[in-house]
2 protein chains.
Amino acid sequence: MDELVITTVVASWKLIINRLDERFGQLDDEQLQQQIAPNKNRLFYLLGHLTAVHDRMLPMLGIGERLHPELDEAYLTNPDRTISDPLPASELKKAWSEVNRAITSAVEGFSVADWLKKHSAVSEEDFSQNPTRNRLAVFLNRTNHASFHTGQIVLAK
Amino acid sequence: MDELVITTVVASWKLIINRLDERFGQLDDEQLQQQIAPNKNRLFYLLGHLTAVHDRMLPMLGIGERLHPELDEAYLTNPDRTISDPLPASELKKAWSEVNRAITSAVEGFSVADWLKKHSAVSEEDFSQNPTRNRLAVFLNRTNHASFHTGQIVLAK
């Protein structure tokens, strides 16, 4: 029964990632330079941002070291169009797939106990006071975050 | 342990709903008439749309009858600006809160077994072949849907 709960949660993540894969996959380099609305983020920036945020999930969920810390300055620390893109579109798309593959394959092996472990960005003390600050909470939060930006990405043609 | 998984899932829903409550709460009637981007949906439409979609969760999750089926024509069946708004802003805001309150208070009483029951829009046969088509899947899907539109709502000033 526990397992079915977890399978359902992971299926929800996969649905969002597949939707983004499809959307980004259709776009060539020039189309990725479009902004989602006048004076708003480029699609390219959002692809970089989502890749960087998901890359940070690897240590947060205890899966492993980060694969692409070189994306942080351009896509996490700074707003769009202030730092030049560190990777060309083809490599950024590869990084996006690589990071999500690492997450999905690791979490598919998580037991319920694994999901309820503390994530690495919360202290032992805070976690003992609030056990919902677990890996599952990070995973759900990041699934919502990806949905949030999907709502923006679909606005571009 | 099961319970903590469920508490974490419900906390994720509450976070998104609270964020939307805050955002919609700040906007007066005129501000709700803004579009999220040129020629895109009005905030008012998205408030109606989210209320209608959440209202449909009540029967889908076996919680009860719908409270606001009068919203469907304007906010589910038709695109923005084709049907006149059936409720003024103040009443639509009330409906939004009422529907979410009904959902949150009901799901807080769900056991793990309740979450894994089939939702009302899937047949017994399809459900027996795919038990992930349960109430939890609907709830996660709607949380992602609300996040998706939140990403659009924040684009308006």
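Our structure's up above, just so we're on the same page.
Here's a quick rundown of the structure. The shown structure was predicted, so the numbers you read here are calculated from the model rather than taken from an experiment. (Residues numbered from 1 in each chain as written. Chains lettered and ligands numbered in written order. Predicted model: local features only at pLDDT ≥ 70, side-chain atom pairs only at ≥ 80, totals over all residues. Heavy atoms only, no water.)

## As for the overall build of chain A
Next, step 1: In terms of helices and strands, chain A carries 8 helices and 0 strands.
Next, step 2: Each helix (α) and strand (β) of chain A, taken in turn from the N terminus, gives the series α-α-α-α-α-α-α-α.
Next, step 3: Its C-alpha radius of gyration of 16 Å places chain A within 12% of the 15 Å reference for a compact globule of 157 residues.
Next, step 4: Across its three principal directions, the C-alpha atoms of chain A cover 45 × 30 × 25 Å.
Next, step 5: Counting the 157 residues in chain A, one finds 50% classified as buried. (Helix = DSSP H or I, 4+ residues; strand = E, 2+ residues; numbered from the N terminus. Rg over C-alpha atoms; globule rule 2.2 N^0.38 Å. Buried < 20%, exposed > 50% of the residue type's maximum accessible area, 1.4 Å probe, protein only.)

## Structural notes on the interface of chain B and chain A
Next, step 1: Each partner contributes residues to the interface: chain B has 35 residues there, and chain A has 35 residues.
Next, step 2: Taken together, both faces of the contact between chain B and chain A bury some 2800 Å²; the carbon and sulfur share is 74%.
Next, step 3: Interface area lost by chain B to chain A is led by Asn-144, Phe-148 and Leu-155 of chain B, which between them contribute 20%.
Next, step 4: Counting every contact that joins chain B to chain A gives 10 residue pairs in polar contact (both at pLDDT 80 or more).
Next, step 5: Residues that form the side of chain B that touches chain A fall into these classes: 19 nonpolar, 12 polar and 4 charged. (Contact = heavy atoms within 4.5 Å. Buried area = accessible area lost by both parts, 1.4 Å probe. Polar contact = N/O pair within 3.5 Å; in protein donor to acceptor, adjacent residues only side chain to side chain. Nonpolar A, V, L, I, M, F, W, Y, C, P; charged D, E, K, R; others polar.)

## Quick notes on helix 5 (residues 89-107) of chain B
All names here are of chain B.
Next, step 1: Taking 1.5 Å of rise per residue, 19 residues should cover 27 Å, and helix 5 covers 27 Å from first to last C-alpha, within 8% of that figure.
Next, step 2: If you check which residues of helix 5 are buried, you get Ala-89, Leu-92, Ala-95, Trp-96, Val-99, Asn-100, Ile-103, Thr-104 and Val-107. Along the long axis of helix 5, the arc covered by the buried residues comes to 155°, so they all point the same way. Looking at helix 5, the residues exposed on the side facing more than 90 degrees away from the buried face are Lys-94, Arg-101 and Ser-105.
Next, step 3: Buried residues along helix 5 sit against helix 1 (2-25), helix 2 (29-32), helix 3 (43-60), helix 4 (72-77), helix 6 (112-115) and helix 8 (135-153). (Expected span 1.5 Å × (residues − 1). Arc of directions from axis to C-beta.)

## Concerning the relation of the copies chain B and chain A
Next, step 1: Structural alignment of chain B on chain A gives an RMSD of 0.0 Å, achieved by rotating through 180° and translating 0.0 Å along the axis. Here the symmetry operator amounts to a two-fold rotation axis. Of the C-alpha atoms belonging to chain B, the one lying closest to the rotation axis is found on Phe-148 of chain B, 2.1 Å away.
Next, step 2: A symmetric contact is evident, with 100% of the interface residues of chain B recurring at the interface of chain A. (Least-squares fit on C-alpha atoms with pLDDT ≥ 70 in both.)

## Some points on the packing of helix 3 of chain B against helix 8 of chain B
Residues and elements named next belong to chain B.
Next, step 1: In the contact formed by helix 3 and helix 8, the axes pass within 11 Å of each other and the chain directions differ by 175°. Relative to helix 8, the element helix 3 lies roughly antiparallel. Counted together, Leu-43, Leu-46, His-49, Leu-50, Val-53, His-54, Met-57 and Met-60 of helix 3 and Val-138, Phe-139, Arg-142, His-145, Ala-146, His-149, Gln-152 and Ile-153 of helix 8 form the full contact between these two elements.
Next, step 2: Here the contact of helix 3 with helix 8 is composed, by residue class, of 10 nonpolar, 5 polar and 1 charged. (Axes fitted to C-alpha atoms, helices over the stretch in contact; angles between N-to-C directions. Parallel < 35°, antiparallel > 145°, perpendicular 65-115°, else oblique.)

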